[in-house]
2 protein chains.
Amino acid sequence: MKTLEKILENLEINSWVRNFSRSPHQFNKPHETDAELIEIEGNDSQLLAVTIDSVAEEINEGFYQDPFTMGWVTVMANFSDLSAVGADPLGIVISVSVEPTRSEAFSQGIAQGMEAACRKLEVFILGGDTNTTRTISLTGCAIGVVTKEKKMTRIGCQSGDVIFLSGRAGSGSAIGLARLANLPEEYFSESCYRPTARIKEGQLIRNYATCCMDTSDGVIHTLDQLMRLNNLQFILNDNWDEIINSIALKICQAQNIPPWLMLAGLHGEFELCFTIRPQDRADFLEAAEQMEWNPIQIGEVREGDGVKIKSQGRLIEIDTALIRNLAQTAGQDSRSYAKSLIDYAMKVGI
Amino acid sequence: MKTLEKILENLEINSWVRNFSRSPHQFNKPHETDAELIEIEGNDSQLLAVTIDSVAEEINEGFYQDPFTMGWVTVMANFSDLSAVGADPLGIVISVSVEPTRSEAFSQGIAQGMEAACRKLEVFILGGDTNTTRTISLTGCAIGVVTKEKKMTRIGCQSGDVIFLSGRAGSGSAIGLARLANLPEEYFSESCYRPTARIKEGQLIRNYATCCMDTSDGVIHTLDQLMRLNNLQFILNDNWDEIINSIALKICQAQNIPPWLMLAGLHGEFELCFTIRPQDRADFLEAAEQMEWNPIQIGEVREGDGVKIKSQGRLIEIDTALIRNLAQTAGQDSRSYAKSLIDYAMKVGI
């Protein structure tokens with residue numbers, strides 16, 4: 001059995017959580033959901049969904065250089081967590097900490113990115129807080145409601161369930177790699193990186209899915225966490241042309257990197273990864289088609305454990321604990337992290 | 001008429017807000033409440049109350065050196081905003097960004113301070129996010145509900161209303177001054193600075209108050225904002241022995257500083273400042289006594305504008321715009337801010 005505790009990030013979360021008393025009104029346990037689910041007194045049918053997410057490392061590592069992107073991602077990261085529990089959004093509050101040296105235009109750029117992301121999702125910024133600090137940090141806290149029967153968690157899939165992605169993944173790893181390798185703009189322009197939370201899709205998925213989690217830390221991370229939480233085996237197909245973002249694929253070809261690595265970077269995007277019972281598959285796909293959305297079938301759940309890639313008829317086990325723990329074990333520096341990741345992928349040889 | 005726009009902080013908020021579309025479900029306008037008030041679909045009687053607040057400058061300026069204080073204040077600052085709208089808390093989510101050089105014991109200290117604050121208020125941490133950044137920043141987002149009829153805002157007082165504080169103020173300025181002047185621990189030990197949000201008092205105040213706001217930026221700032229929002233004159237009595245925290249008073253005597261300055265620092269505490277109609281005063285005080293709480297009467301509201309101190313029968317106008325704007329006009333450095341503030345107070349001569 002592959003336990004949650006093999007993952008350093010999970011241990012770090014546990015080291016915080018063990019200090020805190022648990023609310024009797026909280027529906028979910030730690031690790032089980034992308035957003036916290038809370039009972040509202042006097043409201044028997046709905047749960048409040050709440051999440052908080054800061055964007056700081058991505059900016060300080062230079063992944064985002066345009067303040068518009070910084071604002072956009074802050075909003076999307078938070079609503080993506082709401083979409084993964086199937087919530088209807090109520091809005092978001094933001095806390096913006098920027099260096100005193102930043103211009104007024106820079107702050108306005110952040111605000112415009114936040115507003116554009118909200119218009120894209122048809123949601124609203126409800127309020128916020130501004131601070132002057134030595135390092136930029138942008139925090140959002142998104143709030144929504146979900147009917148108790150329709151809420152999604154990361155737990156509940158069974159052997160035989162089909163694994164889906166809400167859209168092609170890999171753009172997060174692509175921008176990370178493009179920055180670290182100093183690739184020219186023709187490979188990956190930051191203005192093309194506008195990942196979008198799947199709020200509307202989540203509202204459909206919640207009628208069918210047996211578990212759901214977003215890909216904000218990369219698809220491999222998501223599959224690994226779902227595998228550990230459900231104590232089942234997750235098998236990923238190698239139809240990379242359908243699964244991976246086309247720009248990310250182009251970078252892989254040019255840099256001679258195996259495509260699946262674009263699913264393994266810690267910098268993900270905001271797709272939903274979810275499982276559907278085989279008997280619900282046709283109904284689900286028909287409903288998706290009606291909203292002109294094409295979810296991508298990426299694999300299946302089986303008895304057992306581990307994350308495996310099915311390639312040319314073989315099942316190749318991926319050491320997803322090694323991949324996830326690289327963020328802590330490869331050193332603080334992004335470049336040594338990326339190098340360790342690529343070294344591992346070359347060894348797997350898919 | 002003294003407008004909101006004379007205050008640089010209000011202009012800064014406006015420069016953010018003007019970029020954002022407004023939710024049709026948001027009850028309050030900008031500046032009008034300590035927490036955002038949102039209608040919940042399918043729930044006619046309650047409003048959701050949400051606030052977000054980061055603690056960063058206070059740590060980086062060295063006001064807080066014990067991680068326990070940092071965690072404590074992060075929780076209290078957020079629940080204080082909820083108390084000022086009269087909300088019943090549902091919980092808080094937190095985002096913790098600390099430097100990679102900090103020890104495990106430091107993070108545990110933050111967590112213990114957060115948990116102790118939650119136990120004091122009988123509330124819960126619902127979830128969170130951790131990050132590694134170059135500068136520490138702790139953000140909380142507290143959520144609650146308030147019945148529509150009982151919600152409090154910063155607007156609604158009338159001439160003749162009595163101004164109250166939920167408790168003695170000035171501990172925030174005292175710790176700030178103690179740090180800036182390098183006063184020895186015997187004056188002000190950080191472990192004595194445990195300001196507490198007035199959740200339970202807010203739940204009583206909401207039955208009586210005509211307006212309410214917390215003192216997180218200092219009492220003078222609060223009175224100034226209420227004065228501008230209500231377009232009335234706010235008169236503050238000079239019974240400092242009853243109004244000001246005893247440690248703060250001791251520092252004033254030792255340093256030869258006028259006591260009212262302890263109400264004028266930007267680093268406040270978490271008391272509630274609110275107004276009660278004269279005909280409700282007796283009922284309110286009786287109800288307060290039953291919960292063994294002694295609210296402090298600090299002045300009254302009159303026709304006109306401005307914030308004045310009533311001293312020896314005279315009304316002395318305080319240039320509260322000058323005081324509030326010092327944070328921006330006196331330079332980024334806390335010492336030059338404190339010096340400008342003391343210089344102004346000496347000139348007023350109360």
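Let us look at the structure shown here. Values in this document were obtained by computation on a predicted structure and should not be read as measured data.

## Observations concerning the sheet that holds strand 9 (residues 272-276) of chain A
All names here are of chain A. Reading across the sheet, the 7 strands line up as 7-9-6-10-8-11-12 and stay open at both edges, with mixed pairing between neighbours. Each edge of the open sheet is held by one strand with a lone partner, namely strand 7 (209-214) and strand 12 (314-318). Strand-to-strand twist of the sheet, defined as the mean angle between neighbouring strand axes without regard to direction, takes the value 30°. In the packing of helix 7 (residues 219-230) onto the sheet, contacts are made with strand 6 (162-165), strand 7, strand 8 (233-237), strand 9 and strand 11 (307-311), and the angle to strand 7 comes to roughly 135°. Running at roughly 15° to strand 6, helix 10 (residues 281-290) makes contact with strand 6, strand 9 and strand 10 (296-302) of the sheet.

## Re the packing of aromatic side chains
One pass over the structure, following the stated rule, counts 18 aromatic pairs over all chains. Ring centres of A:Phe164 and A:Phe284 lie 5.3 Å apart, and the angle between their planes is 70°; this geometry places the pair in the edge-to-face category. Pair noted here: A:Phe164 is in strand 6 and A:Phe284 is in helix 10, with a separation of 120 residues, a long-range link. Here A:Phe164 falls in the buried class, since its relative accessible area comes to 1%. Residues B:Phe274 and B:Trp293 carry aromatic rings whose centres are separated by 6.4 Å and whose planes lie at 40° to one another, so their mutual orientation is tilted. Residue B:Phe274 is found in strand 9 (residues 272-276), and its partner B:Trp293 is found in the loop between helix 10 (281-290) and strand 10 (296-302); the two are separated by 19 residues along the sequence. What makes B:Phe274 buried here is its relative accessible area of 0%. Seen from the ring of A:Phe124, A:Arg119 lies directly overhead, with NZ or CZ sitting 4.8 Å from the centre.

## A word on the interface of chain A and chain B
Opposite the 60 residues of chain A that make contact, chain B presents 60 residues. Between chain A and chain B, a total of about 4,900 Å² is buried, with carbon and sulfur atoms accounting for 60% of that surface. Broken down residue by residue, the surface that chain A buries against chain B is led by A:Trp16, A:Ile52 and A:Leu126, which jointly contribute 14%. Connecting chain A to chain B are 0 salt bridges. Scanning the region where chain A abuts chain B turns up 21 residue pairs in polar contact (both at pLDDT 80 or more).

## Points about the packing of helix 11 (residues 320-329) of chain A against helix 12 (residues 334-348) of chain A
All names here are of chain A. Where helix 11 meets helix 12, the axes come as close as 9 Å, and the angle between the chain directions of the two elements is 165°. In terms of axis orientation, helix 11 runs roughly antiparallel to helix 12. Helix 12 is crossed by helix 11, and the crossing has right-handed handedness. Contacts between helix 11 and helix 12 pair Leu322, Ile323, Leu326 and Ala327 from the former with Tyr337, Ser340, Leu341 and Tyr344 from the latter. Considering only residue class, the contact of helix 11 with helix 12 consists of 7 nonpolar, 1 polar and no charged.

## Here we look at empty space enclosed by the protein
For the coordinates displayed, the defined rule picks out 1 cavity of 30 Å³ or more. The space that makes up the largest cavity amounts to roughly 40 Å³. Considering the residues around the largest cavity, the lining is formed by A:Thr133, A:Thr135, A:Ile136, A:Ser137, B:Ser97, B:Thr133, B:Thr135, B:Ile136 and B:Ser137. Per-class residue counts for the lining of the largest cavity are 2 nonpolar, 7 polar and no charged.

Quick notes on the rules
Residues numbered from 1 in each chain as written. Chains lettered and ligands numbered in written order. Predicted model: local features only at pLDDT ≥ 70, side-chain atom pairs only at ≥ 80, totals over all residues. Heavy atoms only, no water. Pairing = 2+ DSSP bridges. Helix = DSSP H or I, 4+ residues; strand = E, 2+ residues; numbered from the N terminus. Axes fitted to C-alpha atoms, helices over the stretch in contact; angles between N-to-C directions. Contact = heavy atoms within 4.5 Å. Phe/Tyr/Trp six-rings, centres within 6.5 Å; stacked < 30°, edge-to-face > 60°. Buried < 20%, exposed > 50% of the residue type's maximum accessible area, 1.4 Å probe, protein only. Lys NZ or Arg CZ within 6 Å of the ring centre and 35° of its normal. Buried area = accessible area lost by both parts, 1.4 Å probe. Salt bridge = Lys/Arg side-chain N within 4 Å of Asp/Glu carboxyl O. Polar contact = N/O pair within 3.5 Å; in protein donor to acceptor, adjacent residues only side chain to side chain. Parallel < 35°, antiparallel > 145°, perpendicular 65-115°, else oblique. Left-handed = near helix turned anticlockwise from the far one by under 90°. Nonpolar A, V, L, I, M, F, W, Y, C, P; charged D, E, K, R; others polar. 1 Å grid on protein atoms, 1.4 Å probe; cavity = no way out; pocket = protein on both sides within 12 Å on 5 of 7 lines; lining within 4 Å. Points joined across faces, edges and corners; volume = space filled by probe spheres on them.

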